[in-house]
Each structure stands twice: as C-alpha cells, then as structure tokens.
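Structural features, examined
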Amino acid sequence: MPHETALIATIAVGLALAFVFGYIATRVRLPALVGYLLAGIAVGPYSPGFTADADLAAQLAEIGVILLMFGVGLHFSLRDLLNVRRVVVPGALLGMTAMTLAGTGLAMSWGWSMGSAITFGLCICISSTVVVIRSFEQRNALDSGPGKLAVGWMIVEDLVMVVALVMLPALAPMMGGTRAGADPAQPLWLALGLTLAKVIAFSAIMYFVGRRSIPWLLWQVARTGSRELFTLSVLAAALGIAVGAAALFGVSFALGAFFAGVVISESDLSHQAAADALPLRDAFAVLFFVSVGMLFDPGILLRAPLKVLAIV
C-alpha cells in the first residue's frame, strides 16, 4: 500500500475491525475492549494478512490517551485530588514497591540480569490508566469515592514513573547495562533534582497561570458564538498542553492532559468542553486498545506458557 495512505488505512481498518470484534465481544458478554484488543492482534505484525503501521497506530493511541485523561480532568478539581492524597500517596507507593519487588524476584528466578529484572518489575508495577478509567466510566462510577481514589492513584503512579525513567539510564552501569540516553557527566542527584524541579514548575504554572488564563480564553471563544471555534480551542488546549508538558517539563502526555482538564474544570464551560471532546475521545481511545493488541505475539503462549501464567 502506498505510504501516503498508511494513516487512512490504519484508522479505517483499525476502527472497522474494532467495531466487528467489539460487537462480538459484547454479544458473548465480554467487555468491548477485549474485542478491540483482538482487532489489534488481527492487524498486528504477528498475524497473517493486512498489517497496520505500528508507529502510526501508537501515535493515534497517544491522542486517545490525551483526550481520555483530559476528559477525566474535566470532572475533577484540585480539591478532589487533595482530599484523597492521604490514601493514594502511601497506597500507590507501597503497591508499586511490592509489585516491583515481586516482578524483580520473578525475573531473576528466570536467570535474568539484575537490570533487566528491575526494569521488568517496574513495567508490571503500574496499572493501565486507560483500562482503569474506562472500567469506571462504563459503570458510571468515575465521580464516586472509589473512582476519585482510582484516578488519584493513577496520577501518583504516573509521577513516580517520571522519576523512575530518569533513574534507570543513570543507574544502568550499576546494573550491568549501558547509560544510553543519559549524560555520563551528570550526577544522579542532579538529574533527579532537575526532574523534580520540572514537575514542580509545570504544576505551579498550571495552578497559578493556567487555572486563570485557560478558562478566560475559553470564555472569549464562547462569546464569538462559533461552536467550531470552541471545539477547536478545547482540542488545542488538551493536545497543546499535553505535548508542551512532555517536551518542556518531561512529564507524560497523560499527566499533562489531565492537568489541562483540571484547570478547565474551574470554568463554567467545563461541561460543554467535555461534550465537545467526547466523540473524538471515544474513537481514539478505541485505537489505543487496537495499538496495544498489535504488540501481542500469540506465539508467546506456546513458547513460554508458564512464564505468561506466572506474570498473570
């Protein structure tokens, strides 16, 4: 297929198969996202027939994550996050520590190196924010007490992983690896300090500047009476802040989009913003699950069934 049509083909085939498999999944009383994952496996590189562009699918999936977390932020306020901090901060840290140690021990029992084992433990110590949020949304429980705790828990995990991703390259030589992606002359404490400073700076800018300027901007757009311009301003805010946060402050797209939603939630236009972003959010969230399915190699179930079972 010509390169210039790869994006169209990836979206068209991904959404079409997601619809078919999602419908079948719901008919047999399974969550629709199971069907979306199967659609990803069907168009992935490990299945015969048409293979979607994995790089494009991953980028489309990132848009889905951004819009999903932006929508979640629209239903939250800074007060909601502060109210659950005494539960989610120690809970998330203890949970991540326990799972990292368990995963590290499991990988070392397979004969993996210390560095590979720790990396594996970090991979399985965090929950999928998209899966958790979608599960609560399908039960209309996102605004409930458990829903607010779950979102706060995900935010803490994202913040911890920002620090972990900085530490891994710096600690790689101590764990038998190479220090790829890190400045060999930069001490670990300096790298961590800069990372924490960037996260604090981003949070401060969003709290003191974004909380006032972004709702004001939306009001100015709303006064024009153009629904298209308002929808465009909402999407520009969600995507622009997410990308800017990742590029300038080193935080994840999801975290940046969430805080964008939180600051817009302070505006009386937050409900209209959520309604305008909903259709695109759902479509791209489906592509997220399709892209995850594309990463799955069914052959691993035959090559290493016991290891897969141990991880599950």
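Preceding this paragraph is the structure being described.
Residues numbered from 1 in each chain as written. Predicted model: local features only at pLDDT ≥ 70, side-chain atom pairs only at ≥ 80, totals over all residues. Heavy atoms only, no water.

The geometry of an aromatic ring pair comes down to the distance between the two centres and the angle between the two planes. Scanning the model with the defined rule gives 10 aromatic pairs in all. On the basis of an interplanar angle of 65 degrees and a centroid distance of 5.6 Å, the ring pair of W110 and W112 is categorised as edge-to-face. With a relative accessible area of 23%, W110 lands in the partly exposed category. Between the aromatic rings of W112 and F120, the centroid separation amounts to 5.5 Å while the plane-to-plane angle is 70 degrees, which identifies the pairing as edge-to-face. A relative accessible area of 35% means that W112 is categorised as partly exposed. Owing to a relative accessible area of 13%, F120 belongs among the buried residues under this scheme. (Phe/Tyr/Trp six-rings, centres within 6.5 Å; stacked < 30°, edge-to-face > 60°. Buried < 20%, exposed > 50% of the residue type's maximum accessible area, 1.4 Å probe, protein only.)

A cluster of nonpolar residues, F19, V20, Y23, I24, V28 and L30, forms a patch on the protein surface that exposes about 610 Å² of accessible area. One can find V28 in the loop between α1 (6–27) and α2 (32–43). A relative accessible area of 53% places V28 in the exposed class. (Patch = residues over 30% accessible without salt bridge, like charges linked within 9 Å, V, L, I, M, F, W, Y side chains within 5 Å. Areas by Shrake-Rupley, 256 points an atom, 1.4 Å probe, with all protein chains shown as cover. Salt bridge = Lys/Arg side-chain N within 4 Å of Asp/Glu carboxyl O. Helix = DSSP H or I, 4+ residues; strand = E, 2+ residues; numbered from the N terminus.)

Attention shifts here to the packing of helix α3 (residues 54–74) against helix α11 (residues 253–264). Helix packing for two helices is described by the angle between their axes and how far apart those axes are. Running from N to C, α3 and α11 point in directions that differ by 30 degrees, and their axes come no closer than 7 Å. When the axes of α3 and α11 are compared, the crossing they make is right-handed. Seen from α3, the contacting residues are E62, V65, I66, M69, F70, V72, G73 and L74; seen from α11, they are F253, A254, A257, F258, A260, G261, V262 and I264. Classifying every residue of the contact of α3 with α11 gives 13 nonpolar, 2 polar and 1 charged. (Axes fitted to C-alpha atoms, helices over the stretch in contact; angles between N-to-C directions. Left-handed = near helix turned anticlockwise from the far one by under 90°. Contact = heavy atoms within 4.5 Å. Nonpolar A, V, L, I, M, F, W, Y, C, P; charged D, E, K, R; others polar.)

This part is about unusual backbone geometry. The backbone phi angle of R29 is positive, close to 65 degrees, even though this residue is not glycine. Relative to the helices and strands, R29 is located in the loop between α1 and α2. For N140, which is not glycine, the phi dihedral falls at a positive 55 degrees. Here N140 lies in the loop between α7 (129–138) and α8 (145–171).

We now examine the packing of α1 against α2. Two numbers describe how α1 lies on α2: the axes approach to 7 Å, and their chain directions differ by 135 degrees. As judged from the angle between their axes, α1 and α2 are oblique. The chirality of how α1 crosses α2 is right-handed. Across the interface between the two elements, V13, L17, A18, F21, G22, A25 and T26 from α1 touch A32, G35, Y36, L38, A39, A42 and V43 from α2. For the contact of α1 with α2, the class distribution of residues is 11 nonpolar, 3 polar and no charged. (Parallel < 35°, antiparallel > 145°, perpendicular 65-115°, else oblique.)

What follows covers the nonpolar core. Core analysis: the largest hydrophobic core is formed by 61 residues, its most contacted members being M69, F70, V151, F202, F258 and I264. Of all the secondary structure elements, the ones that give two or more residues to this core are α2, α3, α7, α8, α9 (188–222), α10 (227–249), α11 and α12 (270–294). Apart from residues no more than four positions distant in its own chain, I264 is found in contact with F70, L74, I214, L218, A237, S270 and A273. In this structure, M96, L122, M161 and L168 belong to the second largest nonpolar core, which totals 6 residues. (Core = buried A, V, L, I, M, F, W, Y, C linked by side-chain atoms within 4.5 Å.)

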